[in-house]
Each structure stands twice: as C-alpha cells, then as structure tokens.
Amino acid sequence: MNKDLTVGNPSKVLWMFCLPLFGSILFQQMYNIADSWVAGKFIGENALAAVGNSYEITLIFIAFAFGCNIGCSIITSRYFGAKDYSSMKSAVSTSMIASLAVCLILMLVGIFGAELFLNLINTPADLFADSKLYLDIYIYGLPFVFFYNVATGIFSALGDSRTPFIFLAISSTSNVVVDILFVTKLNMGVAGVAWATFLCQGVSCVLAVLVVFIRLKKFKTARKYSIFSKNLLRQFAVIAVPSTLQQVFISIGNIIIQGVINGFGPGVIAGYSAGVKLNNLVITSLTTLGNGISNYVSQNLGAGKYERIKEGLKAGLKMVWIICIPLCAVYLLFPKGLVYFFLNSPSNDALNTAIIYLRILSLFYFVIAAKLIVDGVLRGAGKMMQFTIATFTDLAIRVILAIVLAATVLGSMGIWMAWPFGWVTGTVLSIYFYRKTKFKL
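Throughout this description, residue numbers start from 1 for each chain and increase along the sequence as written. Totals for whole chains, interfaces and linings use every residue, but because this is a predicted model, local features are given only for residues with pLDDT of at least 70 and side-chain atom pairs only at 80 or more, for both listing and counting. In computing side-chain values, all of the structure's heavy atoms are included and hydrogens and water are not.

Along the backbone of the chain there are 15 helices and zero strands. Every radius of gyration here is taken over C-alpha atoms, with the globule rule written as 2.2 Å times N^0.38, N being the number of residues. On C-alpha atoms alone, the chain measures out to a radius of gyration of 21 Å, which is about the 22 Å that the 2.2 N^0.38 rule sets for 441 residues. For the chain, the spread of C-alpha atoms along the principal axes amounts to about 65 × 45 × 35 Å. Residue burial is assigned from relative accessible area. The probe radius is 1.4 Å, only protein chains are included, and a residue is buried under 20% of its type maximum, exposed over 50%, and partly exposed in between. For the chain, the residues scored as buried account for 61% of the 441 residues in total. Residue pairs in contact within the chain that sit at least 24 positions apart in sequence constitute 86% of those at least 6 positions apart. The method behind every accessible area is Shrake-Rupley, applied with a 1.4 Å probe, and residues are considered shielded solely by the protein chains displayed. When the accessible area of the chain is evaluated, it comes to approximately 17,200 Å², of which 70% is carbon and sulfur surface. By the counting scheme adopted, Arg and Lys are positive, Glu and Asp are negative, and His together with the chain ends is not counted. Lysine's charge is taken at NZ, arginine's at CZ, aspartate's at CG and glutamate's at CD. Taken together, the 33 basic and 16 acidic charged side chains of the chain have centroids lying 16 Å from each other. Labels follow the DSSP assignment, with helices taken as runs of H or I lasting at least four residues and strands as runs of E lasting at least two, numbered in each case from the N terminus. The contact criterion used is simple: two residues touch if any of their non-hydrogen atoms lie within 4.5 Å.

Have a look at this one:
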C-alpha cells in the first residue's frame with residue numbers, strides 16, 4: 001500500500017513506515033546468517049571461515065546495489081511527494097537502466113577478478129577453494145541482488161514498507177530450508193549454501209519487480225513520460241554515487257581489516273566471521289531505518305513541508321534508541337550463546353574473539369544509531385558532500401587504528417577497539433553538518 005509521508009504525526013508516520021523496514025532487514029540478514037549458520041553447523045569451522053572470508057568481498061557488490069537502491073528511492077520519493085507522476089515513472093525506468101549497466105560491469109569484474117580479490121586479503125590456502133567457489137556463485141546472482149534492491153527502493157519511495165517485508169519473510173525462511181536441504185541431504189558443501197541463496201534471491205527478485213510494474217501502472221500521468229532521461233540520470237547519480245562510494249570504501253576498509261585478521265589464523269577468522277554477522281545485523285538494521293528517514297525527508301522536501309524534517313529527526317532518534325536497548329543487552333550479556341548458534345564446538349580462539357568483538361562494539365550502538373539517522377536526513381535532503389565527509393572520516397579512523405593497534409600487544413583485540421573511535425568522530429561530524437544545513441528544495 002502506498003503511503004504519503006507528508007501528512008500525519010511524524011512520530012506515528014515513521015513508526016508505521018520504518019518498523020516493516022526493520023523487519024525486512026532482519027529477514028535480509030537471514031540470508032547471510034543462514035549461510036554462516038549452515039556452514040558452521042553442518043560443514044565445519046573452516047567452511048564458516050571461508051563463507052565469512054568471501055562475505056567481505058560480496059559487500060563491495062552489495063554496495064553498488066545499495067547505491068542504486070538509495071538513488072532510485074530518494075529521487076522517486078521526491079516526485080511522489082510532489083505528485084509529479086510522469087517524472088516519477090521516468091525516474092524509475094532511468095534508475096533501472098542505469099542499475100543494469102552497473103550490474104553487468106560488476107559481473108565482469110567479479111568473474112575475472114575473484115581470485116585476485118581473495119589473494120589481496122591473504123586468504124589462507126586451506127580456505128581458498130571454498131571461498132572462491134562461494135564467491136563465483138554469488139557473482140552469477142548479481143542481477144537478482146541489483147533489481148531486488150531497486151524494487152525495494154521504489155516501494156519505500158511510495159511509502160510502502162510492507163510489501164518488501166512480505167517478500168523477504170518468505171524468501172529468507174525458504175533460504176534456510178534450502179540451505180539445509182542442499183548441505184545435509186545433497187551433500188553440496190559450501191556450493192549448496194551459495195546456490196540456495198542464488199535461487200531464493202532470484203525468486204524474490206522476479207516477484208518484486210513484477211509487483212513494482214503493476215503498482216506503477218495504477219498512477220495516471222498528465223503527460224507522456226520518457227523511458228530514459230539524462231537529467232534524471234544526473235539526479236540519480238548525485239545520490240547514488242556518494243552512497244555507493246560510502247559502502248564501497250566501507251567494504252574496502254573491511255577487506256583491509258579482514259586481511260589483518262587473516263594474519264591471526266583460522267580460529268580468529270571464524271570468531272570474527274560469527275561476530276561480524278551479528279554486528280552487521282544491527283548496523284544494517286539501523287542503516288535501513290536511516291534510509292526510511294531519507295524517504296520521509298525527500299517526500300516532505302518534494303511537498304515543500306520543510307518544518308516536518310526536524311520533527312522527523314527527533315522521532316527517528318527516539319525510535320532507533322528504543323530498538324538499541326534490547327540489542328545492546330543481548331550482545332553484552334549473552335554473546336557466548338550467540339556464538340554457539342554458528343559453531344557446535346568452537347575453538348577457544350574463535351569463541352573468545354567473537355565475545356570480545358561483540359562486547360566492545362555493542363557498547364557504542366547508541367552512538368552509531370544517532371549517526372545513521374542524522375545521515376539519513378542529510379541524504380534525503382541531498383546534502384551528499386557533508387554525508388560523505390562524515391562517513392569517510394569514520395572509516396579512515398577505523399582502518400588506520402585497526403592496523404596500528406593490531407601490531408601492538410593488544411593483538412586482535414586492538415582491531416575491535418578501532419570501531420568506537422571512528423563511530424564517535426563520524427557522529428560528531430554528522431551532527432555538526434546537520435546543524436549547519438538549511439533545508440530547502
């Protein structure tokens with residue numbers, strides 16, 4: 001159901017819009033968590049390490065899909081808020097064409113460069129074959145990843161967060177079942193984990209795109225719209241490119257960090273693989289809520305209702321902090337049980353790594369939650385330069401400190417301690433930029 005975010009109480013509007021988004025990202029994370037869970041539980045610790053090792057590289061591809069999602073969503077929501085349905089449809093078709101081009105380029109890069117990427121992050125020899133296999137199959141499914149992301153961006157732009165939630169709930173649950181079937185019954189190993197994700201993402205992508213086309217046909221346009229517009233492509237790129245670069249550089253930073261982690265052996269790699277999945281569940285969820293704020297801000301900018309933006313920020317901060325309370329409590333108090341969810345008999349290195357990692361990072365979830373909401377406001381208002389500076393500063397601090405501290409007596413624990421320094425600095429910058437911003441179309 002389409003929803004106009006420019007009317008109604010901002011707090012209630014955001015809760016109703018963002019909660020399904022939060023549920024959606026939980027199911028989205030089930031894809032990666034299911035892969036790691038099945039690999040660790042039914043194949044072994046090395047399989048979990050191989051999937052986790054490849055995961056850092058897949059995040060680069062996801063970064064581009066995320067950028068296309070955000071670019072399409074914000075431009076579409078702005079025209080939806082302005083009730084300019086001809087431009088809105090042009091924005092959708094232009095975004096899809098641009099996303100297809102980016103996807104095809106990345107597939108070529110992935111097909112010919114997978115082995116190079118794995119060598120760059122110092123993948124151990126005993127993990128290399130499985131890491132390469134998982135990565136190759138993932139690359140074949142990139143069109144599904146891209147077009148599903150664009151489709152969900154369109155749903156969000158129209159104020160509909162329930163439809164993608166339903167798709168993800170069904171496909172993610174199916175992915176767990178197919179993962180287990182391929183690994184335990186068909187003995188496909190790591191390949192079974194990858195093909196299960198490929199199939200389930202493919203089905204959900206096709207259905208989502210079909211529903212988008214059906215939904216768009218219901219909008220009556222006053223004039224004929226163009227399938228491709230250079231002007232709208234520029235608008236799309238202004239949002240999509242910085243959003244993509246943000247995620248790409250975060251992924252590159254994580255790959256550099258993964259390379260440092262790989263120097264500590266399979267046990268630490270496996271522990272980090274389990275811990276990072278749990279951490280990304282939180283961060284991605286909060287990022288998605290920030291994306292919801294971007295849609296809210298963009299619709300209200302399109303409608304000329306600038307006074308609702310500040311109210312939306314306050315409501316968004318309250319929302320994410322309420323959500324952070326139980327997440328922080330679970331990660332601080334019960335990290336050991338969460339690790340055993342991934343591994344039957346983890347080594348001491350794997351267990352201790354994951355526990356320390358989760359306890360250090362969870363203490364600062366309230367900080368990063370604030371940054372991601374403020375970033376959502378900046379991005380929705382088109383303030384991409386400010387958004388980019390705050391994000392890159394955060395990343396640079398984390399990567400540099402991780403390398404430096406890992407070489408000290410702190411060892412691998414020094415890597416995890418780098419996160420809070422980057423998060424705090426980035427949050428301060430984002431808030432500063434928000435306070436200096438004058439919101440207008």
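Before going further, it helps to examine the packing of aromatic side chains. For Phe, Tyr and Trp, where Trp contributes only its six-membered ring, two rings pair if their centres lie within 6.5 Å, and the inter-plane angle classes them as stacked under 30 degrees, edge-to-face over 60, or tilted in between. Summed over all chains, the structure comprises 13 aromatic pairs. With centroids separated by 6.4 Å and ring planes inclined at 40°, the aromatic side chains of Phe-80 and Tyr-85 adopt a geometry described as tilted. Summarising the aromatic geometry, the rings of Trp-416 and Trp-419 are spaced 6.4 Å apart at their centres and angled 45° between planes, so their arrangement reads as tilted. A residue pair is termed a helical-turn pair when its members lie 3 or 4 positions apart in one helix, as Trp-416 and Trp-419 do in helix 15 (residues 412–436) at three residues. There is no split in this pair, since Trp-416 and Trp-419 are both buried. Here the aromatic residues Tyr-272, Tyr-357, Trp-416 and Trp-419 are joined through ring pairs into a cluster of three or more.

In this model, Lys-83 sits at a positive phi of 65°, which is unusual for a non-glycine residue. Within the fold, Lys-83 resides in the loop between helix 2 (45–81) and helix 3 (85–120).

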